[in-house]
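Here is what each chain is made of, one letter per residue.
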Amino acid sequence: MNRRAFLKAVGAAALIPVLPRRVVAASANFSRRRPSDAAWPSEAAWKQLNEAVGGNLIPVEFPLSVLKNDPDSDAAKLLLKNIRNPYFVGDQVGLTESLGWVDAWATKPSVYAVAARNAHDIAAAVNFARENNLRLVVKGGGHSYQGTSNAPDSLLIWTRHMHDIEMHTAFVPNGCERTIQPQAAVTVGAGTIGIQAYDAVTTKAGKYVQGGGCLTVCLGGLIQSGGFGSYSKHYGSAAGSLLEAEVVTADGQIRIANACTNPDLFWALKGGGGGSFGVVSKMTLRVHELPEFFGTANFTVKAASDEAYRGLIREVVSFYREHLFNDHWGEQAHVNPENTLEIRMAIHGLDAEQAKKVWQPFLDWVADSSHNCSIEGRVTIGSIPARRWWDVQWWKEHWPEIAFPRDGLLHGLLDDVLLHVIPQPVLNFDNRPDAGPNNAWWKGDGGQVAWFIWGFESLWMPASLLENDAQQRLADALFAASRHAWFELHFNKGLAGAPPEAIERAKDTATNPAVLTSFALAIVADAQGPAYPGIPGHEPSVDDGRKARARVHECMEQLRAIVPNPGAYVSESNYFEKRWQQAYWGSNYARLVEIKKKYDPDGLFFVHNGVGSEGWSADGFTRV
Ligand SMILES: Cc1cc2nc3c(=O)[nH]c(=O)nc-3n(C[C@H](O)[C@H](O)[C@H](O)COP(=O)(O)OP(=O)(O)OC[C@H]3O[C@@H](n4cnc5c(N)ncnc54)[C@H](O)[C@@H]3O)c2cc1C
């Protein structure tokens, strides 16, 4: 029986206004309203909301419709031209970076969106959604792989335009005047994306703030999921650097959350999952010192046979433990089914000579042909001044020099093995006529824009597997996993090996404590793109997708077999994860549930596999 029929049957409709709201929303069968419901807000009500948010209520169109309705039109051509540009996608209120996931979700627009400018706009939208029993959804950068920033028939709060940034030399969280020393910090609007923060903090101010590796991930979503960037092995998780948040809770209150004021909410916002506890309007993050150099080590090793590949993996495990298991080395190694190992690592605080020296024994090992391994292509080990790492204009001006070094701009080159600082072009640029000057994205992240996911899983890899007596077991599992799919070890997303203070900060977050004792996060994913159901020529391949999902799963099962209590990173994980509470938050889950009950007792904020989502239907509309 639906809710209206139920109320009619028991004659209780007249009681609704006098029932406390939480009792209404907490009752079984409670359903949120859809546009087809008679009780959907009237035009006049929407008009009032529009006035309350300064005219920033937008009826949401679905940009992909033109590909179905008028595929030969100029508009369709323009859309296809831009669909792999993450800035174009991010600018569309009705789109998300991933377009869907086979058998899981496909992006759908909300009915209306509030393009919020500040916490008051957000509060107006939260109050409107709560009072009208609407499904509410929050979108920042739209980078959720799990589709948690889109929902049909909903009201969207969109933070895209909230990217004011303010540096502080001596910030003290509100109410902490007696307990916390003033420190360097930066306050960013919740919609600030990585490149905006790096430009202000690193390029302009010569400091460091922990954002994501991907330049278009938004800090609002990143911090609430934990958040790792290329140099997290040195600075810790993004959540660990949060000093204070301004957040609108389900009751419409604008609250400050920090270590002294609403400390429970503050803790939950640090990794408890985006879109579950409230809408963050701004955040203040600790600012760190920059090293002199950031750099990269980039090369591929090919093994001639399965046996040689086993040997290569075994060697790299022990080499990692001995030489790379520290805060200088982040980012990735890719383990491929074609018996190739790709090193794609980021370097913190070493110049190229120092970095080259670290790798030399391994390169010598490869060069010794008895191992049946060889370098494919170039070896690139180089550094640049750290302050230029995210300086888009610097990259634009210097890339010819970097590609063809002349004058010692690059620090130390390995002549014998061929050096060339960074493969070019490393950045793609937004070429739309009205694009911002810093609209750039790493080439490596470009493949994910507008993709339709087939499978995605992750696993924190305990550092205990690097002990001498466990290394063979780890190497065997890595080899076994590589028989099923290409996977990646993200060393910057496991904090074992990080400085103690970075680990301490991450310990005081809601992220699964497994992150503290893991040397890496293993990630395996497969997808196609651009694809979306119903678009001729761009249909998702469901059969291929299901097969790929099985391969992805088998791959990760080989690694899970050697990991007790497997944990996964909430933001980069399996939509179909069965034990997600344990996997994402481990022993922190029970505390998160209590905080959810305190600040959002009626479950206004719902996301797939988010804290408290067990009480709702899969679409977040109905109490179960
Ligand atoms: C190409 C790509 C690269 C990535 N690289 C990295 C990486 O290097 N490191 C890493 O740690 N992760 C990475 N991720 C994962 C990413 O950090 C998370 O998906 C993150 O949550 C995205 O935040 P967003 O605001 O951009 O996305 P959204 O999809 O807008 O938001 C993600 C979730 O947070 C919620 N949310 C967003 N803003 C707010 C807010 N202001 N208040 C409350 N809830 C909010 C949304 O409702 C949603 O549930 C990557 C993802 C992609 C697609």
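Everything discussed here concerns the structure shown above.
The structure displayed is predicted, hence computed values, not measured ones. (Residues numbered from 1 in each chain as written. Predicted model: local features only at pLDDT ≥ 70, side-chain atom pairs only at ≥ 80, totals over all residues. Heavy atoms only, no water.)

**Description of the sheet that holds strand 15 (residues 329–335)**
- The strand order across the open sheet formed by nine strands is 3-2-20-22-21-15-16-14-17, and the pairing between neighbours is mixed. Among the strands making up the open sheet, the edge pair consists of strand 3 (105–106) and strand 17 (373–385).
- As paired strands, strand 14 (residues 293–303) and strand 17 are joined by ten bridges and run antiparallel to one another. Among the inter-strand pairings, Ala297 is bridged to a residue of strand 17, identified as Ile381.
- Strands in contact with helix 16 (residues 471–482) are strand 15, strand 20 (452–462), strand 21 (487–490) and strand 22 (518–528); relative to strand 21, the strand with the most contacts, it is inclined by about 140 degrees.
- This element, helix 18 (residues 542–560), spans strand 20, strand 21 and strand 22 of the sheet and lies at about 5 degrees to strand 20. (Pairing = 2+ DSSP bridges. Helix = DSSP H or I, 4+ residues; strand = E, 2+ residues; numbered from the N terminus. Contact = heavy atoms within 4.5 Å. Axes fitted to C-alpha atoms, helices over the stretch in contact; angles between N-to-C directions.)

**A look at the site of the ligand**
- The local shell around the ligand holds 33 residues, among which Val138, Gly140, Ser149, Phe228 and Tyr569 are the closest.
- A distance of 2.9 Å is found between an oxygen atom of the ligand and a backbone nitrogen or oxygen belonging to Ser144.
- Between an oxygen atom of the ligand and a side-chain N or O atom of Thr148, the distance comes to 2.8 Å.
- Protein contacts shield 97% of the accessible area of the ligand, which totals 940 Å² for the unbound molecule.
- Counting residues per element, the ones that place at least two in the shell around the ligand are strand 5 (135–139), helix 9 (219–225) and strand 12 (279–286).
- Tallying contributions element by element places helix 9 first for the shell around the ligand, with four residues.
- Residues that form the shell around the ligand fall into these classes: twelve nonpolar, 17 polar and four charged. (Near = heavy atom within 4 Å. Polar contact = N/O pair within 3.5 Å; in protein donor to acceptor, adjacent residues only side chain to side chain. Areas by Shrake-Rupley, 256 points an atom, 1.4 Å probe, with all protein chains shown as cover. Nonpolar A, V, L, I, M, F, W, Y, C, P; charged D, E, K, R; others polar.)

**Quick look at helix 5 (residues 74–82)**
- Of all the positions in helix 5, only Ala76, Leu79 and Asn82 are classed as buried. The buried residues of helix 5 occupy an angular sector of 135 degrees when the element is viewed end-on, so they sit on one face. Away from its buried face by more than 90 degrees, helix 5 exposes Asp74, Lys77 and Lys81. (Buried < 20%, exposed > 50% of the residue type's maximum accessible area, 1.4 Å probe, protein only. Arc of directions from axis to C-beta.)

**Section: the environment of Glu315**
- With respect to the element layout, Glu315 can be found in helix 12 (residues 306–324).
- In sequence terms Glu315 and Gln471 are 156 residues apart; their C-alpha atoms lie 9.6 Å from each other.

**Things to note about the pattern of salt bridges**
- A complete count under the given rule lists 28 salt bridges for this structure.
- Close ionic contact of Glu131 with Arg130 constitutes a salt bridge, the shortest N to O distance being 3.5 Å.
- One salt bridge connects Glu504 with Lys507, and the closest N-O pair in it is separated by 3.3 Å. Taken as a pair, Glu504 and Lys507 lie in helix 17 (residues 500–507) at a separation of three residues, close to a single helical turn.
- Residue class for Lys507 comes out partly exposed when judged on its relative accessible area of 49%.
- Through salt bridges with shared partners, one network takes in Asp91, Arg160, Asp430 and Arg432. (Salt bridge = Lys/Arg side-chain N within 4 Å of Asp/Glu carboxyl O.)

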